[in-house]
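# Summary of structural features
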Amino acid sequence: MPIKVLSAGIATTIQDLGRPGYYHLGIPMGGAMDRLAMRAANLLVGNDEAAAGLESVFVGPQLEFTEDATIAVCGAELPPKVDGEARETWTAIPVKSGQTVSFDFLKAGARAYIAVSGGIATTPMLGSRSTYAIGALGGVDGRAVMPGDVLPIGQQARPVSQGLSVPEKLRRRPSNPAELRVLPGLYWHRITEQAQTNFFDDTWKVANEADRMGYRFQGGRPLGFVEREQPFSAGADQSNITDACYPYGSVQVPSGTEPIVLHRDAVSGGGYFMLGTVISADMDLIGQLQPHTPTRFVKVDMEEALSARKDRAAMVDAIREHLS
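Residues numbered from 1 in each chain as written. Predicted model: local features only at pLDDT ≥ 70, side-chain atom pairs only at ≥ 80, totals over all residues. Heavy atoms only, no water.

This part is about the overall build of the chain. In terms of regular secondary structure, the chain is built from four helices and 20 strands. Taken over the C-alpha atoms alone, the chain extends approximately 65 × 40 × 30 Å along its principal axes. Within the chain, the fraction of its 324 residues that count as buried is 52%. Total accessible area on the chain is roughly 14100 Å²; 53% of this is exposed by carbon and sulfur atoms. Of the side chains in the chain, 30 bear a positive and 36 a negative charge, and the two mean positions are spaced by 2 Å. (Helix = DSSP H or I, 4+ residues; strand = E, 2+ residues; numbered from the N terminus. Buried < 20%, exposed > 50% of the residue type's maximum accessible area, 1.4 Å probe, protein only. Areas by Shrake-Rupley, 256 points an atom, 1.4 Å probe, with all protein chains shown as cover. Lys, Arg positive; Asp, Glu negative; His and termini not counted. Charge placed at Lys NZ, Arg CZ, Asp CG, Glu CD.)

Dropping the structure here:
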């Protein structure tokens, strides 16, 4: 039996782990911005880790259940309530048929992941139920969740123990100030040595333009560029390049003023230079940054990036082992 959406919060979308394999066609991978939180929520309710759930930004939805289920809310500290009674985050929560799940005020983070036993069973598109609104793919008719929607639920993969929770030490959250590790890239040489130093020395703040496509940062010193004669088709601004592919996490700085980190729904290419890339291990953290959050970029090399990826994988394994 389905879930009835009574209210949808600010921006609640259906997300899973995305649709890899189409980026070269301009269709991004998409999926949960905080993939560790999405995996943990699904494991708590007995789902496959890639099952679809809800990603809510700042404000949670109000949902009416028409059959017994188990839910879990991970990621942002957005405390759930069952018929008005407060429940814990990062914990398996029983919900009875006829009960309503709502949410208290946001206490930390930015995006909460709501998993339901059985997973949300909307029709997959290109192998994923994730909402990519710009391309009208996935979600509910290619859009975010709205009041009045009815969300179908699938079959639960395995039984779950009520009250099971993820330990605090395995709940990854941004530090204060947040730190995002960056591997300098192909166009690092385009800015001066002083600009390279300033970029990592400065404390930036998350701008209001922070969504699934990318996060803009403000407050640091403008970057100086090494003078050159712009190549054909690159445009007049020194931050322009001949069109190139954009990796996920790439840091572009239009006109050298405000860095933009591309995220899950990013465009696949364009004409802005990229000074580097936020490493894969830290991409989840970006999705939990609120506007005005102080942020430092930390320079790393490939060995450090690979070590961080290994550490993150070990944390996911530890969650799996604890919840098995």
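Our next topic: the environment of Tyr-215. Turning to its location among the elements, Tyr-215 is positioned in strand β14 (residues 214-218). In this structure the C-alpha to C-alpha distance between Tyr-215 and Phe-105, which are 110 residues apart in sequence, comes to 23 Å. Apart from the residues within four sequence positions on either side, Tyr-215 is in contact with Met-33, Arg-111, Val-206, Glu-209, Ala-210, Pro-259, Ile-260, Val-261, Ile-286, Gly-287 and Leu-289. Separated by 2.8 Å, the side chains of Tyr-215 and Arg-111 make a polar contact. A polar side-chain atom of Tyr-215 sits 3.3 Å from the main-chain carbonyl oxygen of Ile-286. (Contact = heavy atoms within 4.5 Å. Polar contact = N/O pair within 3.5 Å; in protein donor to acceptor, adjacent residues only side chain to side chain.)

Take the side chain of Ser-250 next. You can see Ser-250 is positioned in strand β16 (residues 250-252). Separated by 2.9 Å, the side chain of Ser-250 and the backbone oxygen of Pro-247 make a polar contact. If near-sequence neighbours (up to four positions away) are discounted, Ser-250 is found in contact with Ile-260, Val-261, Leu-262, Met-274, Gly-276 and Thr-277.

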